[in-house]
There are 2 protein chains.
Amino acid sequence: MDPNTTLLSSVQNPRIKQLVKLRDRSERESTGQFLIEGYRELLRAFEAGRTISSLFICPELFLGSNEHSLIARMQKKGTQVLTCTPPVFAKISYRDRPDGLLGVAPQRHLSLNDFDNLLRNQSSPFLVVAEAIEKPGNLGTILRSSDAVGLHGLIICDRCTDIHNPNVVRASVGTLFTVPVAETKGDETLRWLKEKKIKIVAATPSATQEFTQVDLSGPIAIAVGTEQLGLSARWMNEADIQVRIPMCGVADSLNVAMATTLLLYEALRQRQMRQ
Amino acid sequence: MDPNTTLLSSVQNPRIKQLVKLRDRSERESTGQFLIEGYRELLRAFEAGRTISSLFICPELFLGSNEHSLIARMQKKGTQVLTCTPPVFAKISYRDRPDGLLGVAPQRHLSLNDFDNLLRNQSSPFLVVAEAIEKPGNLGTILRSSDAVGLHGLIICDRCTDIHNPNVVRASVGTLFTVPVAETKGDETLRWLKEKKIKIVAATPSATQEFTQVDLSGPIAIAVGTEQLGLSARWMNEADIQVRIPMCGVADSLNVAMATTLLLYEALRQRQMRQ
């Protein structure tokens, strides 16, 4: 099939209007679809085995020469490809610098049952629990760091941010598709972690030990909370390991994604030393 | 002076229009003024000795009870206080959740000469050089982490982001006022660092040693580059210490603020052990 057979040249086209609607959470939730924009993000989704239902392209905006082979591979898997004029692509793009590729894909939701399978062969599970993170950029950045340390999975509790928000996809640079993400409730997660004997690690200024001084090489779930208020009292009370991140200046806390990244890399360092 | 004597109730008021204009870089540069919004940010600016020329308040939006004492302290130092109606404050606020305080302050610019004085008594300078960072949020987050580790100063080379952008102030949660920031050119900075015998540290995937395996306790400047392309070849070639941040997943790099934070905290850990 030649992608040029369908040329979308009007921003009034219903398919174009539908794409713009998918920026809204309510539309994403009612359709079960979401947007993946950008070559790198789409490549990572495709290589992670995710289905791309339709792909909107604008060859005038391609930055490299690999786009055509990715498009051909997607078409072989059944992706419908539609070509847009530059003004139409400008309308559907979510980015400052569009690179001419925007896909629509079905959402995927994992549960803690899926995590049971995922962790079956892991002697030392390495997880993050994110409670009520509000900013898509922070969630995306946490995913990017999680991918970088080879995290086994991220559990989102009592979510505020929709993981299929375009800004999560963008800030994660496509690692949303490589890091397993489960969405569930806090109670259920606490029970599951206790049952699996996975220790909850929480950062708090009142901890006596610094994060570099405690053993993070065993089965752990690093728990992080909202940008405004930090981790809730419930999670803090249930934490098996409390750690302190040194704060030498006037500010009393780090950005949540920074704090998470520091704990992730300290755990990775200790795990690598053990091997 | 009673702040209630001046009540701004029209969004057409020229002073209100001027505040909105200060969101634009060109207006900030031509007037030498910038915006500081939020109790925490204004408190940090004030306590760091910064002048607040005027303060726009909306008591209906105050979140706590400390606002009045801060306002009184500012008035004693000559700040002009103007009270706004909630609709007017909604117009001037740059935030999702305004807390009823927005200040206008003169910009402050430091040079490498100022840094000479600043570092006079430091046997082991601890600096960051940020080359051409584009996103205000990243620059603000780097400032927040810099404050947290007690960094001596941040040098912005060949700037893309205006450090007085409201999003830098916001993401830094006011640490823009506690971390000394110099703005200059790359050439000049390279010469200055060599002269001061401050070693340039750069992260690159091609380095042989991980960042936790090299000595970062001496006089160092951690150099970080643009979000898209990383550090320029010039800076990479001049680096005295190249380090690798482990990347175990599909992504080939971390967000620039994450990478900077990891290096900052590793340097802090080593410096604390030396003491």
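Here the structure is a predicted model, which is why all the values come from computation and not from measurement.

The next point concerns the sheet that holds strand E6 (residues 126-131) of chain B. Residue and element names in this part refer to chain B. Across the sheet, which stays open at both edges, the six strands sit in the order E8-E7-E6-E10-E9-E11 with parallel pairing between neighbours. Where the open sheet ends on each side, the last strands, each with one partner, are strand E8 (181-184) and strand E11 (241-243). Strand-to-strand twist in this sheet, taken as the mean axis angle between neighbours without regard to direction, amounts to 25 degrees. Note that E6 and strand E7 (residues 153-157) share five bridges and pair parallel. Across the sheet, residue Val129 finds its bridge partner in E7, namely Ile155. Lying on the sheet, helix H11 (residues 256-274) is in contact with E6, strand E9 (199-203) and strand E10 (220-224); it crosses E10 at an angle near 165 degrees.

Turning to the relation of the copies chain B and chain A, a few remarks are in order. Mapping chain B onto chain A calls for a screw motion: a turn of 180 degrees about the axis and a shift of 0.0 Å along it, with 0.0 Å RMSD after fitting. Expressed as an axis order, the relation between the two copies is that of a two-fold axis. When the interface residues of chain B are mapped onto chain A, 100% of them again fall at the interface, so both copies present the same face.

The next point concerns the domain arrangement of chain A. Residues and elements named next belong to chain A. Per the domain assignment, the segments of chain A are domain 1 (3-106) and domain 2 (112-274). Distance from the C-alpha centre of domain 1 to the C-alpha centre of domain 2: 31 Å. At the interface, 14 residues of domain 1 touch eight residues of domain 2. By residue class, the composition of the side of domain 1 that touches domain 2 is six nonpolar, no polar and eight charged.

What follows covers unusual backbone geometry. Residue and element names in this part refer to chain B. Positioned with a positive phi, Ala132 is a non-glycine residue whose angle comes to about 55 degrees. In this fold, Ala132 is placed in the loop between E6 and helix H7 (136-148). Residue class for Ala132 comes out partly exposed when judged on the 19 C-beta atoms lying within 10 Å of it. Of note, the phi angle at Val173 is positive, near 40 degrees, even though the residue is not glycine. If you trace the backbone, Val173 turns up in the loop between helix H8 (166-171) and E8.

Analysis parameters
Residues numbered from 1 in each chain as written. Chains lettered and ligands numbered in written order. Predicted model: local features only at pLDDT ≥ 70, side-chain atom pairs only at ≥ 80, totals over all residues. Pairing = 2+ DSSP bridges. Helix = DSSP H or I, 4+ residues; strand = E, 2+ residues; numbered from the N terminus. Axes fitted to C-alpha atoms, helices over the stretch in contact; angles between N-to-C directions. Contact = placed C-beta atoms within 7 Å. Least-squares fit on C-alpha atoms with pLDDT ≥ 70 in both. Domains from an automatic or database assignment. Nonpolar A, V, L, I, M, F, W, Y, C, P; charged D, E, K, R; others polar. Buried ≥ 20, exposed ≤ 12 C-beta atoms within 10 Å, placed from the backbone.

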